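An overview of the molecular structure
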Amino acid sequence: MSAVSDRLPTFPWDKLTPYKATAAAHPDGIVDLSVGTPVDPVPELIQKALVAAADSPGYPTVWGTPELRDAITGWVERRLGARDVTHHHVLPIVGSKELVAWLPTQLGLGPGDRVAFPRLAYPTYEVGARLARAAYEAYDDPTELDPEGLKLLWLNSPSNPTGKVLSQEELTRIVAWARSHGILLVSDECYLELGWEADPVSVLHPDVNGGSYDGIVAVHSLSKRSNLAGYRAAFLAGDPAVLGPLLEIRKHGGMMTSAPTQAAVIAALGDDGHVRVQRERYASRRELLREALVTHGFRIEHSEASLYLWATRGESCWDTVDHLAKRGILVAPGDFYGPAGAEFVRVALTATDERVAAAVRRL
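A short tour of the structure in this document, coming up. Positions within a chain are numbered from 1, following the residues in the order the chain's sequence is written. Two thresholds apply to this predicted model, a pLDDT of at least 70 for residue-level local features and 80 or more for giving and counting side-chain atom pairs, whereas whole-chain, interface and lining totals are computed over all residues. Side-chain numbers come from the whole structure's heavy atoms, not from hydrogens or water.

Next up on the list: the pairing of strand β3 (residues 114-118). Taken across its five residues, β3 has five buried, putting it largely inside the fold. Only strands joined by at least two bridges in the DSSP assignment are considered to pair. In this text, helices come from DSSP runs of H or I with a minimum length of four residues, and strands from runs of E with a minimum of two, each type numbered from the N-terminal end. Of the pairings in the sheet, the one linking β3 to strand β4 (residues 135-139) comprises five bridges and is parallel in character. Its bridge partner being in β4, Pro118 is matched across the sheet by Tyr139. Viewed along the sheet, the connection from β3 through helix α5 (residues 124-132) into β4 turns out right-handed. The pairing of β3 with strand β5 (residues 150-156) spans three bridges and is classified as parallel. Its bridge partner lying in β5, Ala116 is registered against Leu153. Buried, partly exposed and exposed residues are distinguished by accessible area as a fraction of the type maximum, computed with a 1.4 Å probe on protein chains only: under 20%, between the cut-offs, and over 50%, respectively. For a crossover, the right-handed case is the one in which the path from the first strand over the helix to the second runs clockwise, viewed with the strands pointing away from the viewer.

In structure tokens:
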């Protein structure tokens, strides 16, 4: 019997280990701009909500408390412009990565089914297809795909890694195409609140979906907007005909968000102030790093949103990784996200102000 692990590629981040050692040897220490993990404090009001719910001896529910569902539906309507969102339109998840990895399996996909994702994309879209033994392919324009056997179409706007944003017109066209072919469209919108030179739009907006959630689901995370990567807090919103069966499957699998985390999410979604503060931090770091990289000879492409700068010097991404590692700066090679990224690196904005300043000096 073949092990499940045999279906998976080498975990990409393991390839960075020698470059991390090089960067860590810098006299002034490493500046890690690779993974994109938050480094700023969890806002105090969220910490207080977590602590207040710490005495939670009973099992939480997969669907979450009614208060959590109220918080999610309220945020989706207030922030994304969605309309008529009920509890049946939302579903808490244990961080967005587990959903991406296991969604094809939970949808019942397998051999003979196809999953599609952007040409440059988060590697876990492919991993999810592999785990389900489904076929997978990358696209430049999803409407040019052969719809036969295509069961799951991933969108990602703003993009990880490129920061590219799909316009409202593009989203509307893609949603209409997917619906016309009966293809489930799942939009990964985890960076939607981090638009810099563009204003990202959700597929949940009525101008995109025509006021119907049929055949569409959006994925949202609190990891970046609220520094809650360590809490594993995210949710789905969209078609109840998709979320209802997923809820039942996830009940059987015990895929539940802890009760203290649910309380923290309620506090996080009810407060926009801490999001503005965090945006300002990232905006400042982005401006400094962008100018330093350009001055150093890089070209920045896309990067109009998200937590990354998509940068190239017109050489192998691994040569660029090595070049920066010798200066104590660790970045992610572009080919982690597909062959089309072979001459790019992804530079994360997730380092402290002091470490960003160190990177700027070195560049």
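Moving on, we get to the pairing of strand β7 (residues 216-221). Residues in a regular strand project their side chains so that they alternate between the two faces of the sheet. Of all the six residues making up β7, six are buried; the element is thus mostly covered by neighbouring parts of the structure. Neither face of β7 is left uncovered, since the one carrying Ile216, Ala218 and His220 and the one carrying Val217, Val219 and Ser221 both have all their residues buried. Two strands pair when backbone bridges link them, and β7 and strand β8 (residues 234-238) are joined in this way by five bridges, in the antiparallel orientation. Across the sheet, residue Ser221 finds its bridge partner in β8, namely Ala234.

We now examine the environment of Val275. Turning to its location among the elements, Val275 is positioned in helix α10 (residues 273-295). Assessed through its relative accessible area of 7%, Val275 is described here as buried. Along the sequence, Val275 and Arg79 sit 196 residues apart, while their C-alpha atoms lie 12 Å from each other. The contact rule is simple, with two residues in contact once any of their heavy atoms fall within 4.5 Å. Excluding residues that lie within four positions of it along the chain, Val275 makes contacts with Glu193 and Arg225.

Glancing now at the packing of aromatic side chains. Aromatic pairs are defined between Phe, Tyr and Trp rings, using the six-membered ring for Trp, whenever the two ring centres lie within 6.5 Å; interplanar angles under 30 degrees are classed as stacked, those over 60 as edge-to-face, and all others as tilted. Under the defined criterion, the tally for this structure stands at 12 aromatic pairs. Geometrically, the ring pair formed by Tyr191 and Tyr308 is edge-to-face, given 5.6 Å between the ring centres and 65° between the ring planes. Separated by 117 residues along the polypeptide, Tyr191 in the loop between β6 (184-188) and α7 (206-209) and Tyr308 in strand β10 (residues 308-312) bring together distant segments of the chain. Accessibility expressed as a relative area gives 2% for Tyr308, which makes it buried. Their ring planes at 5° and their centres at 5.0 Å tell us that Trp310 and Phe344 sit as a pair that is stacked. Taken as a pair, Trp310 in strand β10 and Phe344 in strand β13 (residues 344-348) lie far apart in primary sequence, 34 residues in all.

Residue Trp310 is classed as buried on the basis of its relative accessible area of 1%. Trp310 sits 146 residues away from Lys164 along the chain, and the two C-alpha atoms are 9.5 Å apart.

Side-chain atoms within 4.5 Å are what join buried Ala, Val, Leu, Ile, Met, Phe, Trp, Tyr and Cys residues into a set we call a nonpolar core. Residues Trp154 and Leu236 are the most contacted members of the largest nonpolar core, which totals 66 residues. It is helix α11 (residues 317-325) that contributes the most residues to this core, five residues altogether. Leu68, Ala71, Leu80 and Ala233 belong to the second-largest nonpolar core, a separate cluster that totals 43 residues.

Here the focus is the sheet that holds β5. Taken in spatial order, the seven strands of this open sheet run β2-β8-β7-β6-β5-β3-β4, and their pairing is mixed. Strands at the two margins of the open sheet, each flanked by one partner only, are β2 (90-93) and β4. The mean angle between the axes of side-by-side strands here comes to 20°, regardless of whether they run parallel or antiparallel. Note on geometry: axes are C-alpha line fits, over the in-contact stretch for helices, and angles between N-to-C directions span 0 to 180 degrees. Contacts from helix α6 (residues 168-180) reach β5, β6 and β7 within the one sheet, and its direction differs from that of β5 by about 170°.

In this section: the pattern of salt bridges. Basic side-chain nitrogens of Lys or Arg form a salt bridge, by our definition, when they fall within 4 Å of a carboxyl oxygen of Asp or Glu. Per the stated rule, a full pass over the model turns up 22 salt bridges. Across the pair Glu197 and Arg286 runs a salt bridge whose closest N-O atoms are separated by 2.9 Å. Remark: Arg286 occurs in helix α10 and Glu197 occurs in the loop between β6 and α7; sequence separation between them is 89 residues. By sharing partners, the salt bridges in this structure join Asp28, Glu354, Arg355, Arg361 and Arg362 into a single network.

Our next topic: helix α9 (residues 259-269). When you tally the buried positions in α9, you get eight out of 11 residues, the bulk of the element. Where α9 is concerned, the buried positions are Pro260, Thr261, Gln262, Ala264, Val265, Ala267, Ala268 and Leu269.

Take the sheet that holds strand β9 (residues 299-301) next. As summarised here, the arrangement of the four strands in space is β9-β10-β13-β12, forming an open sheet in which the pairing is antiparallel. Of all the strands in the sheet, just β9 and β12 (332-333) have a single pairing partner and so form its edges. Here β9 runs beside β10; their pairing, made up of three bridges, is antiparallel. Of the residues in β10, the one forming a bridge with Arg299 is Thr312. Packed onto the sheet, α10 meets β9, β10 and β13 and runs at close to 5° relative to β10.

Further remarks concern the packing of helix α4 (residues 96-106) against α5. Where α4 contacts α5, the two axes come as close as 7 Å, and the packing angle between them is 35°. Crossing of α4 against α5: the hand is right-handed. Listed contacts from α5 to Lys97, Val100, Ala101, Trp102, Pro104 and Thr105 of α4 are Thr124, Tyr125, Gly128, Ala129, Leu131 and Ala132. Amino acids outside the nonpolar list (Ala, Val, Leu, Ile, Met, Phe, Trp, Tyr, Cys, Pro) and the charged list (Asp, Glu, Lys, Arg) are all regarded as polar, and Gly is one of them. Of the residues belonging to the contact of α4 with α5, the class tally is eight nonpolar, three polar and one charged. When the near helix sits turned anticlockwise from the far one by under a right angle, the crossing is termed left-handed; a clockwise turn instead gives a right-handed crossing.

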